[in-house]
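Chains, contacts and geometry: an overview
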Amino acid sequence: MGGDHAPAEIVAGAVQALRQYDVPVVLVGAPRVLYEALAEHDAARQIPIVRAEEALEMNAGALASLRRPRSSIAVACHLVRRGDACAVVSAGSTAGIVATAKLRLRGQQGVLRPAIAVVLPTAPRPTILLDAGANAEVKAESLVQFAHLGIAYAETGLGVANPKVGLLTIGSEAEKGDKLVRRAHELLAAAPGIDFGGNVEGHDLLTGAVDIVVTDGFTGNVALKAIEGAVRFTFGELRASFAENRLARFGALFQRSPLRDLRDRLDPEAYGGAVLLGLNGTVVIAHGASRANGIASACALAARLAAGGTVAKIGERVAATHRPHRLWS
C-alpha cells in the first residue's frame, strides 16, 4: 500500500516478481483494492492477500508509524516475525518503515544500530554505501559493525567474495577527519574479518575503489542524494542537448546501445532498493517512485538475501567480535 504509485504498480511488480523471478509474494493491505488490482493481471488466484486495516502516508514520520500498529507495514513485519514470510518489501515512507521494522522485528543481538545499505552503480561491480540515513549520529564502534553488515550483504546479495571496506571522510590519509572518523579508522584497521582499504573521499564513491563504504547516516544520506541529483542533472542535460542540436541527435543514433546500457546501470530501480540491515528479518525499502520493474527487483533482492541467510551471517559476524571475558582466579 506504500509508494507514489501504489497500489497499482506495487501489485504489477508483485505479479512480475512471481512470473519473471519465481518469487512467491504475499500482498498486505486493503483486500478489495488489492484483489481488483490482481484481477487486472489475471493473478487473483496466484497471490494471496493479508488484510491490513491501515496504511501509512508517504510523508509519515517515525512517530506517526508507531501510532498505527495495524498498518500494512506493521502487519508485514509481523508475518516475518511469525515465520509466515521471509522478508518485507515496501516502497512506503522510509522513516515509517525503519521505525516500524525496528519495533516489530527488533535489532539482532549485539547489533548497536541497524543501518540502511544502498547500492551505488559503480563498475565493474556495484559498491554498497551504509549507513544511508537510519542513524544521523553514531559511535566509532557502530561504523565497524556497519562494515560487518555490509560484508554480509555483499556476499549474499551481490555475490562478492572477500569484499573490501572503505571509510568515507575528507582525505585518504589516516589522520584526516574528525575524532569519530579517526577512531573508526583505528578500529577498522585492527578489526579481524574485515579487509580494510583505508579512507575514501567523495570523489571515490563511484570509482569502485572499494566494495563497501561506511559512514554515519547523515553523511551517507547527503552523499547519496548528491549522487542521485548529479545523475538526474547529467541525463537532463544530455536530453536537452539532443533536442536542440540536430548533429548531436544524429551522433546519438550510433550510441544508442551504450547510452541505454548506461541509463539502465544508473537506474536505482535495477538494484531493488535499500536494505535495512541488523534486524531479525530482511527488510528491503524500494524507492518511493518505484514502478513495477523496481518492485519486482526489490522482491528478487529480498529473496536472494533471505535465501543466502544474510541475517544469520550478520549474527555470526557480530558474535565473533564479542569475545567472552577471561575469568582470573
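For the structure itself, look to the data block above.
What this report covers is the structure whose coordinates are included nearby. Please read these numbers as outputs of a predicted model, since none were measured by experiment. (Residues numbered from 1 in each chain as written. Predicted model: local features only at pLDDT ≥ 70, side-chain atom pairs only at ≥ 80, totals over all residues. Heavy atoms only, no water.)

Digging into the nonpolar core
Condition: We call a set of buried residues a nonpolar core when its members are Ala, Val, Leu, Ile, Met, Phe, Trp, Tyr or Cys and they connect through side-chain atoms within 4.5 Å of each other. Think of it in three bands: residues with accessible area under 20% of the maximum for their type are buried, residues over 50% are exposed, and the middle band is partly exposed, with areas taken using a 1.4 Å probe on protein chains only. Secondary structure counts use DSSP, requiring at least four H or I residues in a row for a helix and at least two E residues in a row for a strand, with both numbered from the N terminus. In what follows, a contact means two residues having at least one pair of non-hydrogen atoms within 4.5 Å.
Formed by 56 residues in total, the largest nonpolar core has its most connected members in L130, Y153, I194 and V214. Among the elements that make up this core, the one with the highest residue count is helix α6 (residues 140-157) (10 residues). Not counting chain neighbours up to four residues away, the residues in contact with L130 comprise A115, I116, A117, F146, L149, G150, I212, V213, V214, T215 and L277. By size, the runner-up hydrophobic cluster in this structure holds 34 residues, among which are C77, L79, I227 and V283.

Considerations on the environment of A52
You can see A52 is positioned in the loop between β2 (49-51) and α3 (62-66). Separated by 51 residues in sequence, A52 and M1 place their C-alpha atoms 9.4 Å apart. In this view, A52 contacts V28, G29, A30, R70, S71, S72 and V75; residues no more than four positions away in its chain are not counted.

A look at the pairing of strand β7 (residues 195-200)
Regular strands place side chains that alternate from one sheet face to the opposite one. Put simply, the rule is: Here, strands pair whenever DSSP counts at least two bridges between them. Crossovers are described as right-handed under a simple rule: with the strands pointing away from the observer, the path leading from the first strand over the helix to the second runs clockwise.
By the bridge criterion, four bridges tie strand β6 (residues 164-168) to β7 in an arrangement that is parallel. Bridged to V165 within β7 is F196. With helix α7 (residues 179-190) bridging β6 and the parallel β7, this β-α-β connection has right-handed handedness.

Comments concerning the packing of α6 against helix α12 (residues 310-321)
The test is simple: To obtain each axis, a line is fitted to C-alpha atoms, and for helices this fit is confined to the stretch in contact; angles are then taken between N-to-C directions over 0 to 180 degrees. Crossing handedness is read from the near helix: turned anticlockwise from the far helix by less than a right angle, it gives a left-handed crossing, and turned clockwise, a right-handed one.
Between α6 and α12, the shortest axis-to-axis distance is 9 Å and the interhelical angle comes to 145°. Once α6 is placed against α12, the crossing between them reads as right-handed. Each of Q145, H148, L149, I151, A152, Y153, E155 and T156 in α6 lies in contact with α12, whose residues at this interface are T310, K313, I314, R317, V318 and T321.

Some words on the side chain of S93
Definition in use: For this analysis, a polar contact is any N or O atom pair within 3.5 Å, provided that within protein one partner can donate a hydrogen and the other can accept it, and provided that sequence-adjacent residues contribute only side-chain to side-chain pairs.
On the secondary structure map, S93 appears in the loop between β3 (87-90) and α5 (94-105). In terms of polar contacts, S93 uses its side chain to reach the backbone amide nitrogen of G96, at 3.1 Å. Residue contacts for S93: discarding those within four places in its chain leaves E57, M58 and A60.

Some thoughts on the sheet that holds strand β10 (residues 282-285)
Two modes of strand pairing occur in sheets, parallel and antiparallel, and in both the strands are linked by backbone hydrogen bonds. Strands sit in the order β3-β10-β9-β4-β5-β8-β6-β7 across an open sheet of eight strands; the sheet is mixed. Edge positions in the sheet fall to β3 and β7, since each has one partner strand and no second. The sheet shows a mean angle of 25° between the axes of neighbouring strands, taken without regard to direction. As paired strands, β6 and strand β8 (residues 212-214) are joined by three bridges and run parallel to one another. The partner of L167 across the bridge, within β8, is V214. Set on the sheet, α5 makes contact with β3, β4 (115-120), β9 (274-277) and β10; between it and β10 the angle comes to about 175°.

Here we look at the pattern of salt bridges
Using the following cut-off: Any carboxyl oxygen of Asp or Glu that lies within 4 Å of a side-chain nitrogen of Lys or Arg is treated as forming a salt bridge with it.
This model, assessed by the stated rule, comprises seven salt bridges. Residues E53 and R70 are paired through a salt bridge, measuring 3.3 Å at the closest nitrogen-oxygen approach. Of this pair, E53 sits in the loop between β2 and α3 while R70 sits in the loop between α3 and α4 (72-82), and the two are 17 residues apart along the sequence. Note on E53: relative accessible area 58%, which makes it exposed.

Notes on the side chain of H148
Structurally, H148 is set in helix α6. By relative accessible area, H148 is classed as buried at 4%. Setting aside anything within four residues of it in sequence, one finds H148 in contact with P192, I194, R317 and T321.

Here we look at unusual backbone geometry
Of the consecutive residues A6 and P7, the connecting peptide bond is found in the cis state with omega at -5°. Examined against the element boundaries, P7 turns out to sit in the segment before α1 (8-21). Between L130 and D131 the backbone carries a cis peptide bond, its omega angle lying at 10°. Examined against the element boundaries, D131 turns out to sit in the loop between β5 (127-130) and α6.

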